[in-house]
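# Residue-level structural notes
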Amino acid sequence: MASTIYLVSAALMAVLLVAVVAATVGRGWKKYTPGLQHDQSVWSSLAGSESAWTLAFIVAALAVGGGATLFVSGDSFSGSIVAVGGAAVGVALAAAFVFYLFFGTYAAAKSRGYRRAAAVMAGSWVLGLLVVLVITVNLLTGA
């Protein structure tokens, strides 16, 4: 029974390989010239807007400040609200750390002359290393 499954799997992979080769060879890739797009998406225009970054910073600062205030005022509010405040501060600080790692690596790569795709790859590589580090710590500590 297992040999039949292996044969079917090998046949499907061969069909997939032929389809990929046919798609690659069948098109006129040598004649293709990419065109530049002048249209910006909403996210691209927001990323380039200084007021959007300022507003995002103010919202993040108020969220962290409010969460910290809730976390340290344990007797004034119920325990669940205090726990939510602590969790909000933890999540906000973790998100800021991840953003700092990614954007710092991206900015460093761009300042060294790399193009956008290579800079994004470097930032993603650092985040991947962070995930591997977290998994390794979890496996070593048994948590």
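Residues numbered from 1 in each chain as written. Predicted model: local features only at pLDDT ≥ 70, side-chain atom pairs only at ≥ 80, totals over all residues. Heavy atoms only, no water.

### A word on the overall build of the chain
- A count of helical and extended segments in the chain gives 5 helices and 0 strands.
- Order of helices (α) and strands (β) in the chain, N terminus to C terminus: α-α-α-α-α.
- A globule of 143 residues ought to have a C-alpha radius of gyration of about 15 Å, yet the chain, at 25 Å, is considerably larger.
- In terms of principal-axis extent, the alpha carbons of the chain reach across some 70 × 55 × 30 Å.
- For the chain, with 143 residues in total, the buried portion stands at 6%.
- Long-range pairs, those at least 24 residues apart, make up 25% of the contacts in the chain between residues at least 6 apart in sequence.
- Of the roughly 11900 Å² that the chain leaves accessible, carbon and sulfur atoms contribute 73%. (Helix = DSSP H or I, 4+ residues; strand = E, 2+ residues; numbered from the N terminus. Rg over C-alpha atoms; globule rule 2.2 N^0.38 Å. Buried < 20%, exposed > 50% of the residue type's maximum accessible area, 1.4 Å probe, protein only. Contact = heavy atoms within 4.5 Å. Areas by Shrake-Rupley, 256 points an atom, 1.4 Å probe, with all protein chains shown as cover.)

### A short note on the packing of aromatic side chains
- A complete count under the given rule lists 4 aromatic pairs for this structure.
- Measuring from ring centre to ring centre gives 6.1 Å for Trp 53 and Phe 99, while their planes differ by 40°; the resulting arrangement is tilted. Here the residue Trp 53 occupies a position in helix α3 (residues 50–72), and Phe 99 occupies one in helix α4 (residues 79–111), the gap between them amounting to 46 residues.
- For Trp 53, a relative accessible area of 44% translates into the label partly exposed.
- With a relative accessible area of 43%, Phe 99 lands in the partly exposed category. (Phe/Tyr/Trp six-rings, centres within 6.5 Å; stacked < 30°, edge-to-face > 60°.)

### So, helix α5 (residues 116–141)
- Helix length check: α5, at 26 residues, gives a terminal C-alpha distance of 38 Å against a target of 38 Å (1.5 Å per residue), a fit within 8%.
- One or two positions beyond α5, positive phi appears at Gly 142, with a value near 75°. (Expected span 1.5 Å × (residues − 1).)

### Details of a nonpolar patch on the surface
- A surface patch of nonpolar side chains, about 290 Å² in accessible area, is lined by Met 13, Leu 16 and Val 20.
- If you trace the backbone, Val 20 turns up in helix α1 (residues 2–26). (Patch = residues over 30% accessible without salt bridge, like charges linked within 9 Å, V, L, I, M, F, W, Y side chains within 5 Å. Salt bridge = Lys/Arg side-chain N within 4 Å of Asp/Glu carboxyl O.)

### What about the packing of α3 against α4?
- Put simply, α3 and α4 touch, their axes get as near as 7 Å, and they point 140° apart. In terms of orientation, α3 lies oblique with respect to α4. The handedness of the crossing between α3 and α4 comes out as left-handed. Taken together, the residues of α4 that come into contact with α3 (itself represented by Trp 53, Val 64, Gly 67, Ala 68, Leu 70 and Phe 71) are Ile 81, Val 82, Gly 85, Gly 86, Val 89, Ala 92 and Phe 99.
- Partitioned by chemical class, the residues of the contact of α3 with α4 number 10 nonpolar, 3 polar and no charged. (Axes fitted to C-alpha atoms, helices over the stretch in contact; angles between N-to-C directions. Parallel < 35°, antiparallel > 145°, perpendicular 65-115°, else oblique. Left-handed = near helix turned anticlockwise from the far one by under 90°. Nonpolar A, V, L, I, M, F, W, Y, C, P; charged D, E, K, R; others polar.)

### Re the packing of α4 against α5
- Orientation of α4 relative to α5, taken along the N-to-C sense of each, is 145°, at an axis distance of 8 Å. Crossing of α4 against α5: the hand is right-handed. Note on element contacts: α5 touches α4 through Arg 116, Ala 119, Val 120, Ala 122, Gly 123, Ser 124, Val 126, Leu 127 and Leu 130, opposite Phe 97, Val 98, Leu 101, Phe 102, Thr 105, Tyr 106, Ala 109 and Lys 110.
- Residue composition of the contact of α4 with α5, by class: 12 nonpolar, 3 polar and 2 charged.

### Side note on the confidence of the model for the chain
- The predicted model of the chain has a mean per-residue pLDDT of 84, with 92% of residues at 70 or higher.
- Per-element confidence in the chain ranges from a low mean pLDDT of 79 for helix α2 (residues 42–47) to a high of 93 for α5. (pLDDT = per-residue confidence, 0-100.)

### Thoughts on the environment of Gly 65
- By the element assignment, Gly 65 lies in helix α3.
- For the pair Gly 65 and Ala 88, spaced 23 residues apart in sequence, the C-alpha to C-alpha distance is 9.9 Å.

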